[in-house]
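Below are the chains, spelled out letter by letter.
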Amino acid sequence: MPPPGRPRSFDRAAALRAAMELFWERGYEATSLTDLTTAMGISSPSLYAAFGSKENLFRETIALYGSDDEEKRSRLQECSTAREWIEAKLRDNADDYVDPGTPRGCMVVLAATNCSPGNQRVQDFLAECRKGDQQEVRARLDRAVAEGDIPEGADLAAIASFYVTVLQGLSIQARDGCSRETAHAIIDCAMSAWPALVGEPQQRAG
């Protein structure tokens, strides 16, 4: 038995992952401290000693959620064109969003869309995280222009916003129960708009 005042030892990584899945499934405000300690298998004093607060715990779960995407980001580096990169990003995420082994949808999109005034910092935090997706897509488009993959003059801000909106919309669709086939059909439609969005020259009739 641990000495008085010393939190019982536990597997911090396993507890953090359990908290992540709970926040992912229920959202920040709907997840109580009792829900968290039960899922994590720890006491309230242990939670506060290890993570400081519910908000700090949530921020750590978001970092863990993002770290799980490292392999996916590595695969994206193999894409030679911006179109291929964006399509792969959409399809990889869609597959994750409907994975039966995890809560549906994207945690960053769904976990704190609406919050009470007391939790505005959490809502703002996730809004900043979502801006990261926008910046990532825009950076890939900028690179494509520099490499001659996309014609100069294309409205890169609008293109980035369009595909990030599709990405975030897929998360909502997944949470609402759409199938993998439906998600990929949505992506087919989004990618069919690519030539017009980037201003690719029309193919001449042979």
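Novice: What's the story with the nonpolar core in this structure? I'm lost.
Specialist: Proteins that are soluble and globular tend to have nonpolar side chains buried together. The biggest cluster of nonpolar side chains holds 59 residues, and the ones touching the most others in it are Phe58, Leu141 and Trp194. It is helix H9 (residues 156-175) that contributes the most residues to this core, 9 residues altogether. The contacts of phenylalanine 58, once residues within four sequence positions are left out, are Phe23, Tyr28, Met107, Ala111, Val122, Phe125 and Leu126.

Novice: What am I meant to see in the state of the cysteines here?
Specialist: Counted by the stated rule, this structure contains 0 disulfides. Summary of cysteine pairing: cysteine 189 is not part of a disulfide, and the nearest cysteine sulfur, belonging to cysteine 178, is at 13 Å. Using a relative accessible area of 54% as the deciding quantity, one classes cysteine 189 as exposed.

Novice: When you look at helix H10 (residues 180-192) in this model, what are you seeing that I'm missing?
Specialist: Since the α-helix packs 3.6 residues into each turn, any two residues three or four apart lie on the same face. The end-to-end C-alpha distance of H10 is 18 Å, a good match for the 18 Å that 13 residues give at a rise of 1.5 Å each. Those residues of H10 not exposed but buried are Ala183, His184, Ile187, Ala190 and Met191. Buried residues in H10, looked at end-on, bunch into an arc of 110°, giving them a common side. Exposed side chains of H10 directed beyond 90 degrees from the buried face belong to Glu181, Cys189 and Ser192. Buried-residue contacts for H10 involve helix H6 (82-97), H9 and helix H11 (194-198).

Novice: I would appreciate a short explanation of the confidence of the model for the protein chain in the present structure.
Specialist: Caution applies to low-pLDDT regions: their predicted coordinates should not be interpreted in detail. This prediction gives the protein chain a mean pLDDT of 91; 93% of its residues lie at or above 70. No element of the protein chain has a lower mean pLDDT than helix H5 (residues 70-76), which averages 77, and none a higher one than H10, which averages 98.

Novice: I would appreciate a short explanation of the packing of aromatic side chains in the present structure.
Specialist: Counted under the stated rule, the structure contains 6 aromatic pairs. On the basis of an interplanar angle of 75° and a centroid distance of 4.8 Å, the ring pair of phenylalanine 162 and tyrosine 163 is categorised as edge-to-face. Classification of phenylalanine 162 as partly exposed rests on a relative accessible area of 31%. Here tyrosine 163 falls in the buried class, since its relative accessible area comes to 2%. Directly above the aromatic system of tyrosine 28 lies the positively charged group of lysine 54, at a separation of 4.4 Å from the ring centroid. Here the guanidinium or amino end of arginine 59 rests over the ring plane of phenylalanine 125, the centre of that ring lying 4.4 Å away.

Novice: What exactly am I supposed to notice about the pattern of salt bridges here?
Specialist: Opposite charge on two side chains permits them to pair, given that their charged atoms come into close proximity. Under the counting rule described, the total for this entry stands at 14 salt bridges. The shortest N-O distance in the salt bridge between arginine 121 and glutamate 55 comes to 2.7 Å. Of this pair, arginine 121 sits in helix H8 (residues 120-146) while glutamate 55 sits in helix H4 (residues 54-67), placing them 66 residues apart in sequence. A relative accessible area of 58% places arginine 121 in the exposed class. As a salt-bridge pair, arginine 83 and glutamate 87 come within 2.9 Å of each other at their nearest N and O atoms. Of this pair, arginine 83 and glutamate 87 both sit in helix H6, separated by 4 residues, roughly a single helical turn. Taking the relative accessible area as the measure of exposure, arginine 83 reaches 30% and is therefore partly exposed. Accessibility expressed as a relative area gives 21% for glutamate 87, which makes it partly exposed. The structure contains a network of salt bridges with shared partners spanning Arg83, Glu87, Arg91 and Asp188.

Conventions we followed
- Residues numbered from 1 in each chain as written.
- Predicted model: local features only at pLDDT ≥ 70, side-chain atom pairs only at ≥ 80, totals over all residues.
- Heavy atoms only, no water.
- Core = buried A, V, L, I, M, F, W, Y, C linked by side-chain atoms within 4.5 Å.
- Buried < 20%, exposed > 50% of the residue type's maximum accessible area, 1.4 Å probe, protein only.
- Helix = DSSP H or I, 4+ residues; strand = E, 2+ residues; numbered from the N terminus.
- Contact = heavy atoms within 4.5 Å.
- Disulfide = S-S within 2.5 Å.
- Expected span 1.5 Å × (residues − 1).
- Arc of directions from axis to C-beta.
- pLDDT = per-residue confidence, 0-100.
- Phe/Tyr/Trp six-rings, centres within 6.5 Å; stacked < 30°, edge-to-face > 60°.
- Lys NZ or Arg CZ within 6 Å of the ring centre and 35° of its normal.
- Salt bridge = Lys/Arg side-chain N within 4 Å of Asp/Glu carboxyl O.

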